[in-house]
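# Structural overview
Each chain, letter by letter, is given below.
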Amino acid sequence: MNKNKTKLTAIITLFTVAFIGVSCVNGKHDDEGKKKDKMTTENAVSTIEKADFPYDLANPVKYNMPQNLFEISGITFHHGDPKQVFAIQDEDGDLFHLGLNDKDAQFTKFGGKGDYEDLAIINDQVIVLKSNGELHTFPISKINTPEVADVIKTKDLVPKAEYEGLASDEKAGMVYILTKEVKKGKKSDTEIFAFKFNEGTFTPAGTFKLSHQEIAAAAGTSKMNFRPSALAKNPKTGEWYILSSMNKLLVITDADFNIKSTQALKGDAFNQPEGIAFDRDNNLYISNEGGSLAAGNILMFKVR
């Protein structure tokens with residue numbers, strides 16, 4: 001009797017262990033399935049977001065710049081014509097113009113030594129921004145002269161701060177000045193000052209703000225000290241593309257500077273991205289200052 005009881009107990013125990021083992025395996029498979037489903041969903045979202053962005057930032061066409069544009073700071077086109085790019089570098093008051101494949105650049109002098117950050121062309125007028133917010137304006141017809149004699153300097157348009165971005169919307173007759181950093185105190189947003197441009201005069205037309213918290217959320221991080229370098233308006237969509245060299249980030253907003261999305265600037269191609277522009281075919285261009293092993297360059301990203 002004891003033998004039979006012992007045998008029965010052993011059989012029950014064996015079945016119990018087997019049942020528990022099967023349950024654990026099934027539970028593990030369920031967990032792995034859920035994780036796999038989650039990863040698949042996340043990958044799908046990531047793929048959709050990447051596919052929606054109209055430029056492949058991992059595969060640019062690279063144009064190396066001449067030595068005098070080693071510290072290329074800003075770029076733009078006249079009426080979006082990609083045959084000739086206009087550029088400045090951040091130490092000398094020289095406006096350069098050249099074809100993207102040219103080995104040499106022509107230039108005209110418009111100012112002395114200074115910290116020149118960006119430029120824009122509107123109504124056949126070239127406007128150059130200094131880091132203190134001062135603007136230098138002169139006709140584009142003067143680019144083939146050694147030096148521009150009648151440069152108009154405009155001061156005190158914007159509060160005291162550090163500025164790096166300048167852009168124009170020729171259709172709307174507007175000019176935009178982008179703040180990089182406020183020197184006194186910390187701010188949780190970046191200000192963009194808008195001006196109506198007419199016959200060489202700048203009339204204030206409003207201020208826009210980029211929320212650092214919203215940019216951080218779009219970039220998938222908890223916080224961010226956003227310090228932008230340049231901005232340009234997509235001529236097809238009306239969206240603003242705002243470039244940050246320090247954050248290695250491209251921020252996309254709507255026409256009123258409401259945050260829509262961000263794109264990380266990954267890889268060695270973005271050594272020090274300081275300038276941004278679009279041509280009339282909606283291709284995107286980003287310029288990089290040179291480094292210890294690289295020349296200054298312009299990267300072109302063809303629209304998909």
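The structure under discussion appears in the preceding block.
Right, let's walk through the structure included here. It should be emphasised that the depicted structure is a prediction, and the values quoted were computed from it without experimental measurement.

Okay, the environment of K155 next. With respect to the helices and strands, K155 occurs in the loop between β9 (152-154) and β10 (162-169). Taking the relative accessible area as the measure of exposure, K155 reaches 55% and is therefore exposed. Taking the C-alpha atoms as reference points, K155 and L135, 20 residues apart in sequence, are found 6.6 Å from one another.

With that out of the way, let us pick up the sheet that holds strand β16 (residues 249-253). Sheet architecture is open: four strands sit in the order β14-β15-β16-β17, paired in antiparallel fashion. Single-partner strands in this sheet number two, and they are β14 (230-233) and β17 (259-264). Shown here is a sheet whose adjacent strand axes are inclined to one another by a mean of 20°, direction ignored. Where β14 and strand β15 (residues 240-244) come together, four bridges link them in antiparallel fashion. Its bridge partner being in β15, L231 is matched across the sheet by I242. Packed on one face of the sheet, helix α2 (residues 212-219) meets β16 and β17 and runs near 55° to β17.

With that settled, consider the pairing of strand β18 (residues 273-278). Burial runs high along β18: six of the six residues are buried. As paired strands, β18 and strand β19 (residues 284-288) are joined by five bridges and run antiparallel to one another. In the strand pairing of β19, I276 is matched with I286. Linking β18 back to β19 in an antiparallel pair, the connection comprises five residues, with N282 at a positive phi of about 75°.

Scanning the entire structure with this criterion turns up 16 aromatic pairs. Summarising the aromatic geometry, the rings of F53 and Y55 are spaced 5.8 Å apart at their centres and angled 70° between planes, so their arrangement reads as edge-to-face. There is no split in this pair, since F53 and Y55 are both buried. Plain terms: the ring middles of F110 and F138 are 5.5 Å apart, the flat faces sit at 20° to each other, and that makes the pair stacked. Of the two residues, F110 is situated in strand β5 (residues 106-113) and F138 in strand β8 (residues 135-139); the sequence distance between them amounts to 28 residues. Here F110 and F138 have matching classes, each one buried. Within the aromatic cluster, the residues linked to one another by ring pairs are F53, Y55, Y241 and F278.

This next bit is on the pattern of salt bridges. Tallying each qualifying case throughout the model produces 10 salt bridges. The salt bridge partner of R280 is D81, with a shortest N-O separation of 3.8 Å. Here the residue R280 occupies a position in the loop between β18 and β19, and D81 occupies one in the loop between β2 (72-77) and β3 (85-89), the gap between them amounting to 199 residues. We classify D81 as partly exposed; its relative accessible area is 23%. The salt bridge involving E181 is made with R227; its shortest N-O contact spans 2.7 Å.

Following the sequence through the fold, K153 ends up in strand β9. Put simply, K153 and H136 are 17 residues apart on the chain and 4.7 Å apart in space, counted from C-alpha to C-alpha. For K153, the residues in contact, after removing those within four places along its chain, are E134, L135 and H136.

Criteria and thresholds
Note on numbering: residues in each chain are counted from 1, in written sequence order. Local features in this predicted model are restricted to residues of pLDDT 70 or higher, and side-chain atom pairs are both shown and tallied only at a pLDDT of 80 or more, whereas totals for entire chains, interfaces and linings draw on every residue. Only heavy atoms go into the side-chain values, all of them from the structure, while hydrogens and water stay out. What counts as a helix is a DSSP run of H or I of at least four residues, what counts as a strand is a run of E of at least two, and both are numbered from the N terminus. Working definition: with a 1.4 Å probe on protein chains only, accessible area under 20% of the residue-type maximum means buried, over 50% means exposed, and in between means partly exposed. DSSP-based pairing: two strands are paired if at least 2 bridges between them are found. In this analysis an axis means a line fitted to C-alpha atoms, helices contributing only their contacting stretch, and an angle means the value between N-to-C directions, from 0 to 180 degrees. Here a residue-residue contact requires only that any non-hydrogen atoms of the pair lie within 4.5 Å. Under the pairing criterion, centres of Phe, Tyr and Trp rings, with the six-membered ring standing for Trp, must be within 6.5 Å; the plane angle then separates stacked pairs below 30 degrees from edge-to-face pairs above 60, leaving the rest tilted. Salt bridge, as applied in this entry: a Lys or Arg side-chain nitrogen positioned within 4 Å of an Asp or Glu carboxyl oxygen.

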